[in-house]
Amino acid sequence: MEAPVNRQRPARPAVPLIDPMDALDQTHREVLRQLGGLRELLDRIEAQGADARTRAQADEICGFFGFTARRHHEDEEEQVFPMLLAHGDAELVEQVKRLQQDHGWLEEDWLEIGPQLVGLAGGYSGYDVDVLRQGVAVFAELYLEHVSLEEGAVFPAARKLLAARAAV
């Protein structure tokens, strides 16, 4: 077996890196958009039933909450929360613990509604709009509270700590 060829890449101008906190903020904006899409989806199903458009939207929502949002939570758990927990501020520690608990509940909520949306996206009719609407309401309410706590208190504290570390 031949060794891989070591190629020199040409020099290129540096590209500014995306601030990890900004990337997390962008995902929050997408969470809000997707939650709105969930409500629209349910309204459209109740008004006219499922069609190709609702199936495509359900597929997009499943992709976001089934993968992107989960990865976002993992990133927070690995990159943001440990630093805040180690900081020792009692109120901040309680807020982070609440957010960690929220991640578990959001996962449970998604496991309730996700399979119905996956079925809908696949063209199956085995969903119950009333049950789905109730599950989406619980999911959306918790997600809105969760994002509000992160954006309003926890992320500003994380930015402050990161700036202090960068200044050293």
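The notes below deal with the structure included here.

Rules and cut-offs
Residues numbered from 1 in each chain as written. Predicted model: local features only at pLDDT ≥ 70, side-chain atom pairs only at ≥ 80, totals over all residues. Heavy atoms only, no water. Helix = DSSP H or I, 4+ residues; strand = E, 2+ residues; numbered from the N terminus. Rg over C-alpha atoms; globule rule 2.2 N^0.38 Å. Buried < 20%, exposed > 50% of the residue type's maximum accessible area, 1.4 Å probe, protein only. Contact = heavy atoms within 4.5 Å. Areas by Shrake-Rupley, 256 points an atom, 1.4 Å probe, with all protein chains shown as cover. Lys, Arg positive; Asp, Glu negative; His and termini not counted. Charge placed at Lys NZ, Arg CZ, Asp CG, Glu CD. Expected span 1.5 Å × (residues − 1). Salt bridge = Lys/Arg side-chain N within 4 Å of Asp/Glu carboxyl O. Axes fitted to C-alpha atoms, helices over the stretch in contact; angles between N-to-C directions. Parallel < 35°, antiparallel > 145°, perpendicular 65-115°, else oblique. Left-handed = near helix turned anticlockwise from the far one by under 90°. Nonpolar A, V, L, I, M, F, W, Y, C, P; charged D, E, K, R; others polar.

1. Focus on the overall build of the protein
Part 1 of the argument: Scanning the protein from N- to C-terminus turns up four helices and zero strands.
Part 2 of the argument: Of the regular secondary structure in the protein, the N- to C-terminal order runs α-α-α-α.
Part 3 of the argument: Scaling as 2.2 N^0.38, a compact globule of 168 residues should have a C-alpha radius of gyration of about 15 Å, whereas the protein reaches 20 Å, well beyond that.
Part 4 of the argument: Expressed as a percentage of the 168 residues in the protein, the buried residues total 38%.
Part 5 of the argument: Restricting to contacts in the protein with at least 6 residues of sequence separation, those with at least 24 account for 78%.
Part 6 of the argument: Carbon and sulfur atoms provide 54% of the accessible area of the protein, an area that totals close to 10500 Å².
Part 7 of the argument: Positive and negative side-chain charges in the protein, numbering 17 and 30 respectively, have mean positions lying 8 Å apart.

2. Some details on helix α1 (residues 20–48)
Two residues of an α-helix separated by three or four positions point the same way, owing to the 3.6 residues in each turn.
Part 1 of the argument: An ideal rise of 1.5 Å per residue puts 42 Å on 29 residues; α1 measures up with 41 Å between its terminal C-alpha atoms.
Part 2 of the argument: Positioned one or two residues after α1, G49 has a phi angle of 80°, which is positive.

3. Some words on the pattern of salt bridges
Opposite charge on two side chains lets them pair, provided their charged atoms get close.
Part 1 of the argument: Taken as a whole and judged by the stated rule, the model has eleven salt bridges.
Part 2 of the argument: For the salt bridge of R33 with E30, the shortest nitrogen-to-oxygen distance reads 2.8 Å. Here the residue R33 and the residue E30 both occupy positions in helix α1, the gap between them amounting to three residues, near one helical turn.
Part 3 of the argument: For R33, a relative accessible area of 46% puts it in the partly exposed group.
Part 4 of the argument: A salt bridge links R71 to E78, with the shortest nitrogen-to-oxygen separation between them at 3.9 Å.
Part 5 of the argument: Given the relative accessible area of 34%, R71 is considered partly exposed.
Part 6 of the argument: Here the residues in one salt-bridge network are R71, E74, D75 and E78, joined through shared partners.

4. Considerations on the side chain of D109
Part 1 of the argument: Mapped onto the elements of the fold, D109 is located in helix α3 (residues 90–121).
Part 2 of the argument: The charged side chain of D109 is buried without a salt bridge, its nearest counter-charge being R70 at 12 Å.
Part 3 of the argument: With sequence-adjacent residues up to four places away left out, D109 is seen in contact with V138, F139 and L142.

5. Some details on the packing of α1 against helix α2 (residues 52–87)
Part 1 of the argument: Running from N to C, α1 and α2 point in directions that differ by 150°, and their axes come no closer than 9 Å. As far as their axial angle goes, α2 and α1 are roughly antiparallel. Crossing handedness for the pair α1 and α2: left-handed.

6. A few points about the packing of α3 against helix α4 (residues 129–167)
Part 1 of the argument: Remark: α3 packs on α4, axes separated minimally by 9 Å, with the N-to-C direction vectors making an angle of 155°. As judged from the angle between their axes, α3 and α4 are roughly antiparallel. In this structure, α3 crosses over α4, and the sense of that crossing is left-handed.
Part 2 of the argument: Residues belonging to the contact of α3 with α4 are distributed by class as follows: 19 nonpolar, five polar and five charged.

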